[in-house]
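# Remarks on the overall topology
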Amino acid sequence: MLLSHGGEPSPATEPVARWTVEQVLSLAPDDASRKAGNKLASAGHWSGTGHDASGAVWGLCKGSGSKPYQTVVDTTGPAYKCSCPSRKFPCKHALGLLLLRASGDGQVQQGEPADWASQWLEGRRGRAEAKQARQAAAASGESAPGPADTAAARKRAERRAERAASGALELEQRLTDLLRGGLATADRAGYTLWEETAARMVDAQAPGLAGRVRELGAIPGSGPGWPVRLLEECSLLHLLDTAWLGRERLPEPLAATVRTRVGLPVSAEGPPVRDHWLVLAQYDTADGRLTTRRIWLYGRESGRTALLLSFGAAGRAPELALPVGVTVDAELTPYPGGGLRADLGRRFATPVPVPATPPPGGPAEAALAAYGEALRGDPWLDGWPVTLRDVIPVPSGGGWQLADAEGTDALPLAPAALSRQGLWKLVALSGGAPVTVFGELGHRGFDPFTAWDTGAGRGGGPGEAGGGTVRLI
Amino acid sequence: MPSTTTGPTTVASSTAVASYPLAPLPWEELVTSALLGTDRRPPTAPGGQVPADGAGALLDAAALHTVRRRAGLLPAVAGARPAPAPHDPRPGLPEAARHRLAQLLADRAAPAASGRRGAAPDLTELIPQWLAGANQQGFRAPADLVPPLLDAARARTDLRPQALAFAGPLGLWLAALNPEWKFALRGSAAGALVPDTDDPETVRTLWEEGLFAERVALLDAVRAQDPAAALELLTTTWSTERAEDRLMFLDALRTGLGAGDEEFLEQALTDRSRNVRATAAELLSALPSSAFAGRMAARAASCVHPDRTGAGLSIAVEAPHECDAGMQRDGVAAVPPNGRGRRSWWLGQLVEATPLGVWQERFGGRPPEEIVALPVADDWAGELHAAWCRAAIRQRDPHWARALLGEASAPPADSPGPASIAERSKLLAVLSEAERADWVAAFIAAHGLSEAFQLLGVCTVPWTGPLGRAVVDALDIARDGGSYPWSFSGVMGLAERCLDPAEADRLEVLTATPDEREGASPGAGSYWSEAFQRLVSTLRLRAAMEAELTA
């Protein structure tokens, strides 16, 4: 396929493939930045632009002051540096620069980085290498902490576990009190009771318990059937309390899961897995104090699915950002327990945009079976990542479901998905024909994140690169 | 929700019974106990045993049920699958154009920046142009961009025709599933629905049984192919149609109007509805050889005479003294609007409906330019010229339109036609594209931009070289005058959308910030520089958009 715009070399001969506009826009921390970045995506604003074979892009952007802003992006990170005062990450200048590069009318030429850009790039890459060296050293046990350190650390961890246990005991007391008095009175008690309990759990250094308690507070009066939902969630919280209190008797992976769920610090420690990781989805949730970014990855060779978490303070997007649809050659270090969470380790190359090739998926029933199986290792799971192959979005009693193209099975869409714009993108992409969809399946239904046109040729197909992978969130 | 396993609750193993005494209880039983409280309603295990810690045991059992229910979810039963969207044979967009559209639509959806516009192009304003280009090239909309496209069309009616054409069958298919996009289905009744006119039987059935919108679309389609057949179709049911429907159907006859329609229109002059009568009269007056035009010409000629009594030739006007039954039958409205004299009102209507060729005959074969230059007695000039203007617009006569517009550079008060910019722009629309642009260019060169906005609106896009230069020169002069650019924001905005993109390089010099001069408004120079920067970058962007669509 030849991409013909102004004699730009095709991606095959270009050492580092450009990100597409959609991919760049997916990096933006919010809509306002997206819009501001768009406005800066024309050559008139820029001078001294360039990119090099290692994936760095730089340029000078005319601002309101006399001195232009110096913007440089290392797309292998991705990492951004800009002399503007914005606290947003990436800032509108970085987005505008990447968009200018994505538009690909040859306005950003290959070359040697300017001095100010190369300083930062070299410094950054030097630090990254040093960090990798440290990690490698730590992995081979060269600089293992001394026995005194270990003992102190163990003592600290034990103290913290005890505090969490006293929190769990207190929570148990509240739950049983609630059950003795009856759930019917729970909506009269009001939200403050739960807030107060959550604050106690924060004091007990058990943020996982605190979060669950806060969610309990939102259930009373949340629509028909709320007492049943409240009983379910109370019972699962009770299960978590008792599991933590009896953690010595749990098998190791389950104990690790419980530890994570209670909210005690856990670090990635499994052997690193190197693979070409396809970025399936990236989305943020904010709870007022903290923005949590989830990035789902799929290992092309290993067939593993992994979850990267990164966090940002309120109003600031988390720093780690990977555009949906690229593949990263990297090592991931899994967390203990049966979960999918991992840390991103060493990266061996620049992320590369790939043609739309979804992970192999299955029908609705297989997806439910996978969720059921996952509950065995983690009964507190809200959702499990699955890829549904050849499903058709079907309207169903005010909501939507994804129905297998063959047979009579279907999965309802989760309520959260129904109010999102992505729903209609999904329906449009399908046009009544089968599509492949990645998302999380839970007891509330399926929440779609990314969709691929599987060849009915309606939305993507040859000649429309980038048209095949569609972000829904 | 997926349904849950419905089989009988599996009997828990003996160890489970020991640690979960309430596990065998049905879920409903647990819910009841939990709602009322275990103090009031102690849960009782099968066999009558009441656990000591009722609440804890209840939570144990509920957890077991909850996890088991979640792990045992079964697929829901699929509902009726929607019929697939019709195939769209148009080719997909080139990659760069696809990205551009995504960018334009993303910009629309993002919150609007507040305050004065900066140096960057206003992307939302370019959507109509982008859509027109894409439709001209015959591309199919990318499926995932159809929803934002429909949202954009929902918010802006002016986008709808182009957006719906671009969205194609997938757009209509989607609109049927989302009540927010209902407008698309309404629009399609007249627009996208092109009836099949090949089979006379189908045409007849649709004409007799179709919905109103379908019938209008059918009549338009038949008229475009075979004017006589459309007239014949209309005649079959004419006497039974409702008055407002008759008016709409009559409108369809504007297309391909010819001598063959005269008889029918003559009859319509006696219609029960006044609006129908007026429309029939208007259509007849566009047929210069019709008997109607002859009657009007005779009446008008008896009112407007050459007068040779003075030094040179002049025009004498004797307005009608009554509006007789014959005039009323020919569509002349007898009662004037408030504030207008009856006689001048009648005169205006007569002259407006008279074929313009009549006047050349009456004034010794003089061309229109000379006729409009003749002095008119007794202050009738305004009335007479205004009526000639309306006649030139209705009869689409460029020769008369040119004469009435006069010299573009002349002060408006000296022009033969009316000084109203609205009527001038209507006269301009009668001229050829090139002539129109030249006239407006000359007007701007002479009078500046303050009155040019409406005149620019009738010029074709992109503007011709002379017109574009005239606009840019006038902007440059306004800048030198030291005024603020936002006094010209309307023309600036038009220039961004209508200037030939090839002008961008030539305009680059205007983006420099000039030195502040005495007497100029504070900061105006840098604001102008910003405005010109936006103009240049918008033109560059438009050039890029065009290139992407034709790549």
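Residues numbered from 1 in each chain as written. Chains lettered and ligands numbered in written order. Predicted model: local features only at pLDDT ≥ 70, side-chain atom pairs only at ≥ 80, totals over all residues. Heavy atoms only, no water.

## Remarks on the overall build of chain B
Defined as follows: Each helix corresponds to a stretch of at least 4 residues labelled H or I by DSSP, and each strand to a stretch of at least 2 residues labelled E; elements are numbered beginning at the N terminus. Just to be clear, the radius of gyration here is over C-alpha atoms, and the globule rule we use is 2.2 Å times residues to the power 0.38. When a residue's accessible area, from a 1.4 Å probe over protein chains only, is under 20% of the maximum for its type it is buried; when over 50% it is exposed; and in between it is partly exposed. For this analysis, residues touch if any pair of their heavy atoms sits within 4.5 Å. Using a 1.4 Å probe, accessible areas were evaluated by the Shrake-Rupley method; residue-level cover was limited to the displayed protein chains. When charges are counted, Lys and Arg are positive and Asp and Glu negative, with His and the chain ends excluded. Here the site of a charge means atom NZ of a Lys, CZ of an Arg, CG of an Asp or CD of a Glu.
Along the backbone of chain B there are 28 helices and 3 strands. Against the globule reference of 24 Å for 551 residues, chain B gives a C-alpha radius of gyration of 36 Å, more extended than a compact globule. For chain B, the spread of C-alpha atoms along the principal axes amounts to about 130 × 75 × 50 Å. Across the 551 residues that make up chain B, the buried fraction comes to 48%. Considering only contacts in chain B between residues 6 or more positions apart, those separated by 24 or more positions represent 69%. For chain B, the exposed surface amounts to about 25100 Å²; the carbon and sulfur share of it is 54%. The positive charge centre, built from 51 side chains, and the negative charge centre, built from 68, are 4 Å apart in chain B.

## Side note on the overall build of chain A
In terms of regular secondary structure, chain A is built from 13 helices and 16 strands. Buried positions account for 50% of the 473 residues belonging to chain A. In chain A, once contacts between residues fewer than 6 apart in sequence are set aside, the share between residues at least 24 apart is 61%.

## Thoughts on the confidence of the model for chain A
Convention followed: Per-residue confidence from the predictor is reported as pLDDT, which spans 0 to 100.
For chain A, per-residue confidence averages 83 on the pLDDT scale, and 88% of positions sit at 70 or higher. Ignoring residues within four places in sequence, the model shows residues 456-467 of chain A, a span with pLDDT below 50, making 34 contacts including any to other chains.

## Things to note about the packing of helix α7 (residues 191-203) of chain A against helix α8 (residues 207-218) of chain A
All names here are of chain A. Going by this rule: Convention adopted: a line fitted to C-alpha atoms gives each axis, helices being fitted over their contacting stretch, and angles between N-to-C directions are expressed from 0 to 180 degrees. Convention used here: angles under 35 degrees read as roughly parallel, angles over 145 as roughly antiparallel, angles from 65 to 115 as roughly perpendicular, and any remaining angle as oblique. Basically, the charged four are Asp, Glu, Lys and Arg, the nonpolar ten are Ala, Val, Leu, Ile, Met, Phe, Trp, Tyr, Cys and Pro, and anything else, Gly included, counts as polar.
Closest axis-to-axis distance for the α7/α8 pair is 8 Å, and the angle between their directions is 175°. Judged on the interaxial angle alone, α8 and α7 are roughly antiparallel. Contact residues: α7 offers Tyr191, Trp194, Glu195, Thr197, Ala198, Met201 and Val202, while α8 offers Leu209, Ala210, Val213, Arg214, Leu216, Gly217 and Ala218. Tallied by class, residues from the contact of α7 with α8 come to 10 nonpolar, 2 polar and 2 charged.

## Concerning the sheet that holds strand β16 (residues 469-471) of chain A
Basically, it comes down to this: Being paired, for any two strands, means DSSP has found at least two bridges between them.
The antiparallel open sheet is built from 7 strands, whose spatial order is β16(A)-β15(A)-β14(A)-β11(A)-β12(A)-β13(A)-β1(B). Bordering the open sheet on either side are β16 of chain A together with β1 (76-77) of chain B, each of which pairs with just one other strand. Where strand β12 (residues 399-404) of chain A meets strand β13 (residues 409-412) of chain A, 3 bridges bridge the pair, whose relative direction is antiparallel. Paired with A:Gln401 across the bridge in β13(A) is A:Pro412. Packed onto the sheet, helix α11 (residues 364-377) of chain A meets β11 (384-396), β12, β13 and β14 (435-442) of chain A and runs at close to 135° relative to β11(A).

## Concerning the sheet that holds strand β3 (residues 69-74) of chain A
All names here are of chain A. An order of β1-β2-β3-β4 is seen for the 4 strands of this open sheet, with the pairing classed as antiparallel. If you trace the sheet from one side to the other, it starts and ends with β1 (46-51) and β4 (79-82), each paired once. Taking the axes of each pair of neighbouring strands and ignoring which way they run, one obtains an average angle of 10° across the sheet. Here β1 runs beside strand β2 (residues 56-61); their pairing, made up of 4 bridges, is antiparallel. Its bridge partner lying in β2, Trp46 is registered against Cys61.

## Regarding the interface of chain B and chain A
The condition that has to hold: Two parts placed together each lose some accessible area under a 1.4 Å probe, and the buried area is that loss summed for both. A pair is scored as a salt bridge if a Lys or Arg side-chain nitrogen falls within 4 Å of a carboxyl oxygen belonging to Asp or Glu. For this analysis, a polar contact is any N or O atom pair within 3.5 Å, provided that within protein one partner can donate a hydrogen and the other can accept it, and provided that sequence-adjacent residues contribute only side-chain to side-chain pairs.
Contacts between chain B and chain A engage 72 residues on the former and 74 residues on the latter. Across the chain B/chain A interface, buried area totals approximately 6100 Å², and carbon plus sulfur atoms make up 63% of it. When the area that chain B buries against chain A is broken down by residue, the three leading residues are B:Leu59, B:Arg70 and B:Arg81, summing to 13%. Of the charged contacts, one joins B:Arg69 and A:Glu232 as a salt bridge, the two residues approaching to 2.9 Å between their closest N and O atoms. At the surface where chain B touches chain A, the tally comes to 19 residue pairs in polar contact (both at pLDDT 80 or more).

## Examining the packing of aromatic side chains
For clarity, the cut-off: Any two of the Phe, Tyr and Trp rings considered here, Trp counted by its six-membered ring, make a pair once their centres fall within 6.5 Å; the pair's planes then place it as stacked at under 30 degrees, edge-to-face at over 60, or tilted in between. Geometrically, a charge over a ring is one whose NZ (Lys) or CZ (Arg) sits within 6 Å of the ring centre while staying within 35 degrees of the ring normal.
Counting across every chain of the model gives 16 aromatic pairs over all chains. Arranged with centres 5.2 Å apart and planes meeting at 65°, the rings of A:Trp424 and B:Trp181 form a pair that is edge-to-face. A residue pair is termed interchain when its members come from two chains, as with A:Trp424 in helix α13 (residues 422-430) and B:Trp181 in the loop between α7 (160-175) and α8 (182-190). Of the two residues examined, A:Trp424 and B:Trp181, each falls in the buried class. A network of ring pairs unites the aromatic residues A:Tyr283, A:Trp296, A:Phe438 and A:Phe449 as a single cluster. The cationic tip of A:Arg274 hangs over the ring face of A:Phe348; the distance from NZ or CZ to the ring centre is 3.5 Å.

## Notes on helix α6 (residues 146-155) of chain B
Side chains of residues three or four places apart in an α-helix project in the same direction, reflecting 3.6 residues per turn. With 8 of 10 residues buried, α6(B) lies mostly within the body of the structure. Residues of α6(B) that are buried: B:Val146, B:Pro147, B:Pro148, B:Leu149, B:Leu150, B:Asp151, B:Ala152 and B:Ala153.

## Focus: the pairing of β3(A)
Residues and elements named next belong to chain A. Bridge count for β2 against β3 is 6 bridges, and the pairing is antiparallel. Following the sheet pairing, Val57 is matched in β3 by Val73. Inspection of the sheet shows β3 paired to β4 by 4 bridges, in the antiparallel sense. When the bridges of β4 are listed, Asp74 appears paired with Ala79.

## As for the state of the cysteines
All names here are of chain B. Formally: A pair of cysteine sulfur atoms is labelled a disulfide when the two atoms are within 2.5 Å.
Taken as a whole, this structure holds 0 disulfides over all chains when the rule is applied. Unpaired in this structure, Cys389 has its nearest cysteine sulfur neighbour in Cys459, at a distance of 18 Å. This cysteine, Cys459, is not joined by any disulfide, and Cys498 carries the nearest cysteine sulfur, 8.8 Å off. The buried category is assigned to Cys459, whose relative accessible area is 7%.

## Thoughts on the environment of B:Ala381
Of note, B:Ala381 is situated in helix α20 (residues 381-394). Spatially, the C-alpha atoms of B:Ala381 and B:Val317 are 9.0 Å apart, while their sequence positions differ by 64 residues.

## Quick notes on unusual backbone geometry
Residue and element names in this part refer to chain B. Following Val461, the chain continues into Pro462 via a peptide bond in cis, with omega recorded as -5°. With respect to the helices, strands and loops of the structure, Pro462 is situated in the loop between α24 (453-457) and α25 (465-480). Despite not being glycine, Arg396 shows a phi value in the positive range, around 50°. If you trace the backbone, Arg396 turns up in the loop between α20 and α21 (398-405). Looking at Arg396, the relative accessible area reads 51%, which means it is exposed.

## What to know about the environment of B:Leu174
With respect to the secondary-structure elements, B:Leu174 resides in helix α7. Taking the relative accessible area as the measure of exposure, B:Leu174 reaches 0% and is therefore buried. Between the C-alpha atom of B:Leu174 and that of B:Ala184, which follows or precedes it by 10 residues, the distance is 9.4 Å. Other than its neighbours up to four places away in sequence, B:Leu174 contacts A:Trp424, A:Val427, A:Ala428, B:Val146, B:Pro147, B:Leu150 and B:Trp181.

## Structural notes on the pattern of salt bridges
Two side chains carrying opposite charge are able to pair once their charged atoms lie near each other. Residues and elements named next belong to chain B. Counting across every chain of the model gives 47 salt bridges over all chains. Salt-bridge contacts for Arg242 lead to Asp245; the nearest nitrogen and oxygen are separated by 3.2 Å. Here Arg246 makes a salt bridge to Asp271, at a shortest N to O gap of 2.8 Å. Taken together, the residues span a long stretch of sequence, with Arg246 in helix α12 (residues 243-251) and Asp271 in the loop between α13 (262-268) and α14 (274-285) at a distance of 25 residues. Like Arg246, the residue Asp271 is buried in the burial classification.

## Section: the nonpolar core
Here is the rule: Put simply, buried Ala, Val, Leu, Ile, Met, Phe, Trp, Tyr and Cys residues joined by side-chain atoms within 4.5 Å make one nonpolar core.
B:Trp359, B:Trp388, B:Ile444, B:Leu456, B:Trp463 and B:Leu467 are the most contacted members of the largest nonpolar core, which totals 104 residues. Beyond its immediate sequence surroundings of up to four residues, B:Trp463 is in contact with B:Leu456, B:Gly468, B:Val471, B:Leu494, B:Ala495, B:Cys498, B:Leu499 and B:Asp500. In this structure, A:Leu472, B:Ala85, B:Ala102 and B:Ala152 belong to the second largest nonpolar core, which totals 66 residues.

## Thoughts on a negative patch on the surface
Convention followed: Residues forming no salt bridge and having over 30% relative accessible area are the ones grouped into patches, like charges within 9 Å of each other and nonpolar side chains (Val, Leu, Ile, Met, Phe, Trp, Tyr) within 5 Å.
Taken together, the side chains of B:Asp198, B:Asp199, B:Glu201, B:Glu208 and B:Glu209 define an acidic patch exposed on the protein surface. Tracing the sequence through the fold places B:Asp199 in the loop between α8 and α9 (200-209).

## Here's the deal with helix α22 (residues 421-430) of chain B
Residue and element names in this part refer to chain B. With 7 of its 10 residues buried, α22 lies for the most part within the structure. When α22 is considered as a whole, its buried residues turn out to be Ile421, Glu423, Arg424, Ser425, Leu427, Leu428 and Val430. Considering only its buried residues, α22 is in contact with α20, α21, α23 (433-447) and α24.

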